[in-house]
Amino acid sequence: MKVLVIVKATDESEAGQMPKEEMLATMGKYNETLVKAGIMLDANGLHPSVRGARVKFEGDSTTVVDGPFAETKELVSGYWVWEVKSLDEAVEWLKRAPFADGEEVELRPIFEPEDFGDEYTPELRERDAKLAEQIAARS
């Protein structure tokens, strides 16, 4: 199963404070461990919400709101995508992450094709497979 590991924003990350060299080195070692174990598929940090935007859809119209956004506890500062056998395995890997007191990280399973049942027709699967091929070809 794939899981999205969501690193929640902090006051520091929203202020644009970059991690210190020691944290970057420690997190780099942790990421190396994840890669060597075949767990990590992707990972990135995100700029503060002041550099982002939100788009709200209402009927035929859209509204764009530029950041920053007020509720830091509801914002994301980074993520990993992991391939694991179970959510419990992901939790065990996450427990080894070098986070400080008070930081919060959320784990969410990513939908697999079989989760959509009969609504995910062979035609839709074929279309998505072609898109996945195009994405892989760009890498």
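Numbering of residues begins from 1 in every chain and follows the order in which that chain's sequence is written. Only residues with pLDDT of at least 70 are given local features in this predicted model, and only at 80 or more are side-chain atom pairs given and counted; all residues enter the totals for whole chains, interfaces and linings. The side-chain values count all of the structure's non-hydrogen atoms but skip hydrogen atoms and water molecules.

**Student:** Which residues make up the overall build of the protein chain, and what values do they have?
**Tutor:** In this description a helix means any DSSP run of H or I spanning at least four residues, a strand means any run of E spanning at least two, and both kinds are numbered starting from the N terminus. Per the secondary structure count, the protein chain includes four helices and six strands. Going from N to C terminus, the protein chain has its helices and strands arranged as β-α-α-β-β-β-β-α-β-α. Evaluated residue by residue, the protein chain yields a buried proportion of 23% over its 139 residues. Here, residues are in contact when the closest pair of their heavy atoms is within 4.5 Å. Intrachain contacts of the protein chain at a sequence separation of at least 6 include 74% that bridge at least 24 residues. By element, 53% of the accessible surface of the protein chain is carried by carbon and sulfur atoms, the whole surface being about 10400 Å². Separation of charge centres in the protein chain, based on 17 positive and 29 negative side chains, amounts to 3 Å. Each residue's exposure class comes from its accessible area (1.4 Å probe, protein chains only) as a fraction of the maximum for that residue type: buried when under 20%, exposed when over 50%, partly exposed otherwise. Every accessible area reported is derived by Shrake-Rupley at a probe size of 1.4 Å, with residue values counting cover from the shown protein chains alone. Counted charges follow a simple rule, with Lys and Arg positive, Asp and Glu negative, and His plus the chain ends left uncounted. Charged groups are reduced to one reference atom each: NZ for lysine, CZ for arginine, CG for aspartic acid, CD for glutamic acid.

**Student:** Describe the layout of surface pockets, and please don't skip the residues or the numbers.
**Tutor:** Within this scheme a cavity is a closed region of a 1 Å grid, computed over the protein atoms alone, that accommodates a 1.4 Å probe without allowing it to escape, whereas a pocket is open but has protein on both sides within 12 Å along at least five of seven lines; lining residues each have an atom within 4 Å of a point. Grid points are joined across faces, edges and corners, and a volume is the space filled by probe spheres set on the points. If you add up the space inside the largest pocket, you get close to 1100 Å³. Along its surface, the largest pocket is lined by 35 residues, and Val 7, Ser 13, Pro 19, Ser 77 and Glu 103 are the ones closest to its centre. Within the residue set of the lining of the largest pocket, elements represented by two or more residues are strand E1 (2–8), helix H1 (11–14), helix H2 (21–36), strand E2 (40–45) and strand E5 (76–83). No other element matches the five residues that H2 contributes to the lining of the largest pocket. A per-class count over the lining of the largest pocket returns 14 nonpolar, 13 polar and eight charged. The calculated volume of the second largest pocket comes to roughly 170 Å³. Lining the second largest pocket are Lys 2, Ile 110, Phe 111, Glu 112, Pro 113, Phe 116 and Tyr 120. Amino acids are sorted into nonpolar (Ala, Val, Leu, Ile, Met, Phe, Trp, Tyr, Cys and Pro), charged (Asp, Glu, Lys and Arg) and polar (every other residue, Gly among them).

**Student:** Any details on the sheet that holds E2? Residues and values, ideally.
**Tutor:** Two pairing modes exist for strands in a sheet, parallel and antiparallel, and in both the strands are linked by backbone hydrogen bonds. Reading across the sheet, the four strands line up as E2-E5-E1-E6 and stay open at both edges, with antiparallel pairing between neighbours. Of all strands in the sheet, those with a lone pairing partner are E2 and strand E6 (105–109), marking the two edges. Each neighbouring strand pair of the sheet contributes to a mean axis angle of 15 degrees, computed without reference to strand direction. Note on pairing: DSSP must find at least two bridges between two strands before they are called paired. Pairing analysis gives seven bridges linking E1 to E5, with the strands arranged antiparallel. Across the sheet, Ile 6 pairs through a bridge with Tyr 79, a residue of E5. Where H2 meets the sheet, it contacts E2 and E5, and its direction lies at approximately 25 degrees from that of E5. Fitted lines through C-alpha atoms give the axes, limited to the stretch in contact for helices. The angle between two N-to-C directions lies from 0 to 180 degrees. In this fold helix H3 (residues 87–95) packs onto E1, E5 and E6, with an angle of close to 155 degrees to the strand it touches most, E6.

**Student:** Tell me about a negative patch on the surface, residues and numbers included.
**Tutor:** Two distance rules govern patches: like charges are joined within 9 Å, and nonpolar side chains (Val, Leu, Ile, Met, Phe, Trp, Tyr) within 5 Å, applied only to residues with over 30% relative accessible area and no salt bridge. By definition here, a salt bridge exists when the distance from a side-chain nitrogen of Lys or Arg to a carboxyl oxygen of Asp or Glu is within 4 Å. Together, Asp 11, Glu 12, Asp 101 and Glu 103 make up a negatively charged patch on the protein surface. For Glu 103, the position within the fold is in the loop between H3 and E6.

**Student:** How would you explain the packing of aromatic side chains if you had to name every residue and give the values?
**Tutor:** Only the six-membered ring of Trp is used, alongside the rings of Phe and Tyr, when aromatic pairs are assigned; centres must lie within 6.5 Å, and planes under 30 degrees apart are stacked while those over 60 apart are edge-to-face, with the rest tilted. Counted under the stated rule, the structure contains five aromatic pairs. Seen from their ring centres, Trp 80 and Phe 99 are 6.1 Å apart, and the 80 degrees between their planes marks the pair as edge-to-face. Taken as a pair, Trp 80 in strand E5 and Phe 99 in the loop between H3 and E6 lie far apart in primary sequence, 19 residues in all. With a relative accessible area of 4%, Trp 80 lands in the buried category. Ring geometry for Phe 116 versus Tyr 120: centroids 5.8 Å apart, planes at 50 degrees, classification tilted. Members of the aromatic cluster, connected to one another through ring pairs, are Tyr 30, Trp 80, Trp 82 and Phe 99. The rule is short: NZ of Lys or CZ of Arg within 6 Å of the ring centre and within 35 degrees of the ring normal puts a charge over the ring. The residue whose ring lies beneath Arg 54 is Phe 69, and the NZ or CZ to ring-centre distance is 3.9 Å. Stacked on the ring of Trp 93, the Lys or Arg Arg 96 has its end atom at 4.2 Å from the ring centre.

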